[in-house]
Each structure stands twice: as C-alpha cells, then as structure tokens.
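Below, each chain spelled out in residue letters.
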Amino acid sequence: MKRFAFFAVLLSLVLLVVNGCYYDVEEELYPIQECNTDNVTYSGIVAPIIQNNCLQCHSAAASLGNVVLEGYDNLKGFADSGRLLGAVKHQAGYSPMPQSAPQLGDCLIARIEQWIDDGAPNN
Ligand code: HEC
C-alpha cells in the first residue's frame, strides 16, 4: 500500500511537470502574417514583385505569349484589362501565373490587387 501511494504521488508529479511544460501559444506555432497594403506604389511594391516573379518570361526581350510586363505602361494595360489579376489569382478564363511556379503568396496578390483598386497609378 505504501508503495502504491509512492507511485501515485510520483505519477502525479510527472504528469504535472509534463503538463506544465506543454503549452501551445498560437502566435508561436502559426505566426500571424501581417499584410500591409497601405501605400502600395508601382515603383516601391508592384514593380519589384513583377521583376522577381514575371520578367524572366515577360520582359520586353522575352515576351512569352506576347505578354510584356516590363515598364509601367505595359503593366498598366494588363492591370486595366483584368488580365494581370486574373492570371495571378488563377481566375477561371486566365492562364495561371507565374507559369511552372507556385502561385504568388496571398500578401503579394493582395498588394497587387490594392494597387489595381487604387487605379494602378504610376507612383
Ligand atoms: C516561366 C515563364 C513565365 C513566368 C515566370 C510567368 N509567365 Fe505569364 N505567361 C507565360 C506564357 C508562356 C504565357 C502565354 C501562354 C499562356 O497564356 O499560358 C503567359 C501568359 C501570361 C498572361 C496572359 C494570360 C491570359 O490568360 O490572358 C498574363 C497576364 C501573364 N502571363 C502574367 C504573368 C505574371 C503577372 C507573372 C508573374 C507573377 C507571370 N506571368 C510569370 C510564361 C510565364
């Protein structure tokens, strides 16, 4: 009986310690990604996204599919026609872009969308 009591106490202590050390902090497991869509400019935000993800195929020199996204005027045309957003959001009726690569992250897409909603200004 004494031995049983000893093990019971030991077991509860072990459980206590194990439980005490186990904690889930949601923010640590899944960091909340802030997506800042304030002040999205062509030069500071949108052009670099296009540069990094699209121009290897859509520069003036490459122009795959006759799509040139290099330079403001060219990109503005695709922004206004809805083809830019349709392609990056993988909307029905548009070729999903970037081709042969994973879809852009949600925040990059949100920033492009914000810029288009703002009227796709040359800023
Ligand atoms: C590996 C090459 C490649 C990359 C990278 C790429 N594209 Fe394309 N893109 C193509 C080709 C080829 C076509 C034409 C054939 C087609 O529509 O699938 C095309 C077509 C398009 C079109 C016309 C689609 C339509 O349905 O009207 C748009 C808009 C476009 N791309 C935007 C982008 C954007 C924005 C990016 C970067 C986020 C990007 N592409 C990255 C190869 C690429």
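Cut-offs applied
Residues numbered from 1 in each chain as written. Predicted model: local features only at pLDDT ≥ 70, side-chain atom pairs only at ≥ 80, totals over all residues. Heavy atoms only, no water. Helix = DSSP H or I, 4+ residues; strand = E, 2+ residues; numbered from the N terminus. Buried < 20%, exposed > 50% of the residue type's maximum accessible area, 1.4 Å probe, protein only. Disulfide = S-S within 2.5 Å. Salt bridge = Lys/Arg side-chain N within 4 Å of Asp/Glu carboxyl O. Donors = N, O, S within 2.8 Å, 3.2 Å for Na, K, Ca; no water. Tetrahedral: all angles 85-135°; square planar, octahedral: opposite > 155°, others 65-115°. Near = heavy atom within 4 Å. Polar contact = N/O pair within 3.5 Å; in protein donor to acceptor, adjacent residues only side chain to side chain. 1 Å grid on protein atoms, 1.4 Å probe; cavity = no way out; pocket = protein on both sides within 12 Å on 5 of 7 lines; lining within 4 Å. Sits in = over half its atoms within 2 Å of the grid points. Nonpolar A, V, L, I, M, F, W, Y, C, P; charged D, E, K, R; others polar.

1. Things to note about unusual backbone geometry
Keep in mind that most residues, glycine aside, have a negative phi and that most peptide bonds are trans. A cis amide bond links Met97 with the next residue in sequence, Pro98, at an omega value of -5 degrees. You can see Pro98 is positioned in the loop between α6 (83-88) and α7 (106-117). The phi angle at Asn39 is positive, at roughly 50 degrees, despite the residue not being glycine. With respect to the element layout, Asn39 can be found in the loop between α2 (26-29) and α3 (42-53). Its relative accessible area of 71% is what places Asn39 among the exposed residues. The phi angle at His90 is positive, at roughly 55 degrees, despite the residue not being glycine.

2. Considering the state of the cysteines
All told, the structure shown has one disulfide when counted by the stated rule. Covalent S-S linkage joins Cys35 and Cys107, the inter-sulfur distance amounting to 2.2 Å. Classification of the bridge connecting Cys35 and Cys107 rests on its S-S torsion, roughly 90 degrees, and on that basis the disulfide is right-handed. Pair noted here: Cys35 is in the loop between α2 and α3 and Cys107 is in helix α7, with a separation of 72 residues, a long-range link. Looking at Cys35, the relative accessible area reads 33%, which means it is partly exposed. Judged by its relative accessible area of 23%, Cys107 is partly exposed.

3. Regarding the pattern of salt bridges
A full pass over the atoms with the stated rule returns two salt bridges. Across the salt bridge formed by Lys76 and Asp80, the nearest N and O atoms sit 3.4 Å from each other. Residue Lys76 and its partner Asp80 are located together in helix α5 (residues 72-81), separated by four residues, close to a single helical turn. A salt bridge links Glu113 to Lys89, with the nearest nitrogen and oxygen atoms 3.1 Å apart. In this pair, Glu113 is assigned in helix α7 and Lys89 in the loop between α6 and α7, connecting sequence segments 24 residues apart.

4. Things to note about the coordination of the iron atom of the ligand
Protein coordination at the iron atom of the ligand: the donors are His58 (NE2) and Met97 (SD), at 2.0 to 2.2 Å from the metal. Considering all six donor atoms around the iron atom of the ligand, angles at the metal cover 85 to 177 degrees and the coordination shape is octahedral. Placement of the pair is His58 in helix α4 (residues 55-58) and Met97 in the loop between α6 and α7, with a sequence separation of 39 residues. Each member of the pair, His58 as well as Met97, is classed as buried.

5. Here we look at the site of the ligand
Among the 19 residues in the neighbourhood of the ligand, the closest are listed as Cys54, Cys57, His58, Ser95 and Met97. Side-chain polar atom of His58 to a nitrogen atom of the ligand: 2.7 Å apart, as the coordinates give it. Ser95 is positioned with one of its side-chain polar atoms (N or O) 2.6 Å from an oxygen atom of the ligand. More than half of the atoms of the ligand fall within 2 Å of the grid points belonging to the largest pocket. Counting residues per element, the ones that place at least two in the shell around the ligand are α4 and α6. When residues of the shell around the ligand are assigned to their parent elements, the largest contribution, four residues, is made by α6. For the shell around the ligand, the per-class residue count stands at 12 nonpolar, six polar and one charged.

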